[in-house]
Amino acid sequence: MVLKLISATPSPYARKVRIALAEKSIPFELVTEVPWDGTTQTPLYNPLEKLPVLIDTEAENDEDQAVYESHFILDWIEYKYPAPQYINLVPSTKEGELFGRKVQVVADGICDACVLMFFEKQRVLPSQEWTARQRRKVDGGLKKLAQWVGDKDFLIDDRLTLADVAAGCVLGYLRVRFAEHPWQDLYPNLKRYSDLLEARESFRRTRPVPQAINDKIV
Ligand SMILES: N[C@@H](CCC(=O)N[C@@H](CS(=O)(=O)O)C(=O)NCC(=O)O)C(=O)O
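Scoring rules and cut-offs
Residues numbered from 1 in each chain as written. Predicted model: local features only at pLDDT ≥ 70, side-chain atom pairs only at ≥ 80, totals over all residues. Heavy atoms only, no water. UniProt positions renumbered as here; feature names shortened; annotations may be inferred. Helix = DSSP H or I, 4+ residues; strand = E, 2+ residues; numbered from the N terminus. Rg over C-alpha atoms; globule rule 2.2 N^0.38 Å. Buried < 20%, exposed > 50% of the residue type's maximum accessible area, 1.4 Å probe, protein only. Lys, Arg positive; Asp, Glu negative; His and termini not counted. Charge placed at Lys NZ, Arg CZ, Asp CG, Glu CD. Domains from an automatic or database assignment. Contact = heavy atoms within 4.5 Å. Buried area = accessible area lost by both parts, 1.4 Å probe. Salt bridge = Lys/Arg side-chain N within 4 Å of Asp/Glu carboxyl O. Polar contact = N/O pair within 3.5 Å; in protein donor to acceptor, adjacent residues only side chain to side chain. Nonpolar A, V, L, I, M, F, W, Y, C, P; charged D, E, K, R; others polar. Near = heavy atom within 4 Å. Areas by Shrake-Rupley, 256 points an atom, 1.4 Å probe, with all protein chains shown as cover. 1 Å grid on protein atoms, 1.4 Å probe; cavity = no way out; pocket = protein on both sides within 12 Å on 5 of 7 lines; lining within 4 Å. Sits in = over half its atoms within 2 Å of the grid points. Disulfide = S-S within 2.5 Å. Pairing = 2+ DSSP bridges. Axes fitted to C-alpha atoms, helices over the stretch in contact; angles between N-to-C directions. Core = buried A, V, L, I, M, F, W, Y, C linked by side-chain atoms within 4.5 Å.

The chain appears in an unreviewed UniProt entry as Glutathione S-transferase from Cladophialophora yegresii CBS 114405. The annotation that UniProt attaches to the chain under Sequence similarities (unreviewed entry) is "Belongs to the GST superfamily."

Engineer: Residue-level account of the overall build of the chain, with values.
Structural biologist: Each helix and strand in the chain was counted, giving 10 helices and four strands. Ordered by position in the sequence, the α and β elements of the chain form the string β-α-β-α-β-α-β-α-α-α-α-α-α-α. Over its C-alpha atoms the chain spans a radius of gyration of 17 Å, differing by no more than 12% from the 17 Å that the globule rule assigns to 218 residues. Each principal axis of the C-alpha distribution contributes one length, and for the chain these read about 50 × 45 × 25 Å. When each of the 218 residues of the chain is scored for burial, the buried share is 47%. Separation between the mean location of the 29 positive side-chain charges and that of the 32 negative ones in the chain comes to 6 Å.

Engineer: Any chance you could break down the domain arrangement of the chain for me, citing the residues and the numbers?
Structural biologist: Interfaces are frequently sized by the accessible area removed from exposure as the parts join. The assigned domain composition of the chain is domain 1 (3-80) and domain 2 (94-202). Computed from C-alpha coordinates alone, the two centres of domain 1 and domain 2 are separated by 21 Å. With 14 residues of domain 1 at the contact, the number on the domain 2 side is 19 residues. Roughly 1500 Å² of surface becomes buried between domain 1 and domain 2 when both sides are summed, with 61% attributable to carbon and sulfur atoms. For the pair domain 1 and domain 2, the interface holds four salt bridges. Across the pair Arg15 and Glu198 runs a salt bridge, and its minimum N-O distance is 2.8 Å. Taken together, the links from domain 1 to domain 2 amount to seven residue pairs in polar contact (both at pLDDT 80 or more). Put simply, the parts of the chain that give the side of domain 1 that touches domain 2 at least two residues each are α1 (12-23) and α4 (70-80). In terms of residue count, the dominant contributor to the side of domain 1 that touches domain 2 is α1 (seven residues). By residue class, the composition of the side of domain 1 that touches domain 2 is seven nonpolar, two polar and five charged.

Engineer: Any details on the site of the ligand? Residues and values, ideally.
Structural biologist: Close to the ligand lie Ser11, Tyr13, Pro35, Trp36, Glu49, Lys50, Leu51, Pro52, Glu69 and Ser70. A distance of 2.6 Å separates an oxygen atom of the ligand from a polar side-chain atom of Ser11. Out of a free accessible area of 540 Å², the ligand has 85% covered by protein chains. Of all the cavities here, the one that holds the ligand is the largest pocket. Looking at the shell around the ligand residue by residue, the class counts come to five nonpolar, two polar and three charged.

Engineer: So what's going on with the state of the cysteines? Residues and values would help.
Structural biologist: Each disulfide consists of a covalent bond between the sulfur atoms of two cysteine residues. The tally for this structure, following the rule as stated, stands at zero disulfides. We note that Cys114 lacks a disulfide partner, and the nearest cysteine sulfur, in Cys111, lies 6.4 Å from it. For the unlinked cysteine Cys169, the closest cysteine sulfur is that of Cys111, found at 7.7 Å. Overall, the relative accessible area of 1% leaves Cys169 in the buried class.

Engineer: Tell me what's going on with the sheet that holds strand β4 (residues 66-68), and back it up with residues and numbers.
Structural biologist: Adjacent strands of a sheet pair through backbone hydrogen bonds, lying either parallel or antiparallel. With respect to topology, four strands assemble into an open sheet ordered β2-β1-β3-β4, the strand pairing being mixed. Unpaired on one side and paired on the other, β2 (28-32) and β4 mark the two borders of the sheet. Going across the sheet, the axis of each strand differs from the next one's by a mean of 20°, ignoring polarity. Of the pairings in the sheet, the one linking strand β1 (residues 3-7) to strand β3 (residues 53-56) comprises four bridges and is antiparallel in character. Across the sheet, residue Leu3 finds its bridge partner in β3, namely Asp56.

Engineer: Got a sec to walk through the nonpolar core? Specific residues and values, please.
Structural biologist: Formed by 51 residues in total, the largest nonpolar core has its most connected members in Leu54, Ile77, Val138, Leu142, Leu145, Leu155 and Leu190. Those elements that provide at least two residues to this core are β1, α1, α4, α5 (94-122), α6 (128-149), α7 (162-177) and α9 (188-198). Of the residues forming this core, the biggest block, 10 residues, is contributed by α7. Setting aside chain neighbours within four positions, we find Leu190 in contact with Leu142, Leu145, Ala146, Val149, Leu171 and Trp183. Core analysis: the second largest hydrophobic core is formed by seven residues, Ala8, Val53, Ile55 and Ala66 among them.

Next up, the structure:
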């Protein structure tokens, strides 16, 4: 199977996939783009016009070719590239697996709120109330993550799982997209946890970078 990943430099969702593929030593071609630019390939593969999209370039039919929605892409990767041939990123128990999915819900939800705030800032008259609502979701989600992390290095099974990939990516995204948020002072345990993850090769090689959006976002 020859994989191609459509990604964007700041995308925390795409970073989850890049990290999972790197941790499992699965080779893939990285295609970096801006989903709002007219040159984007994303709508060719995802009817929802969002990246990341993981493309199996050798799929027998169009339907099997494209995989989209980051949490589903991660499930797909674990299904197609299971342990023991590949490093297992799924928690060892059913309870752990469900908790890991809950962590990913909160991590992705914080990212979603950040994206909404980012776009609100672009408006001629940003809504303070709407921005405050999104900020509450970021703050509430971070408080929950800090509770879950406690003084641990990893959230589940004392090893890297998809829960850490998701939590690490949202924290790494805040460092770039929401640098003024005081989460590292508020939650020193989260900063320690994030620093440990960012020191991994898979995280170092996928650090988010702001992108230049050339076309008007419509
Ligand atoms: N829930 C989706 C969110 C993906 C998403 O919002 N991607 C953005 C790019 S980025 O914010 O991750 O950089 C996108 O493609 N947006 C285009 C659009 O919303 O039409 C996932 O987890 O894959």
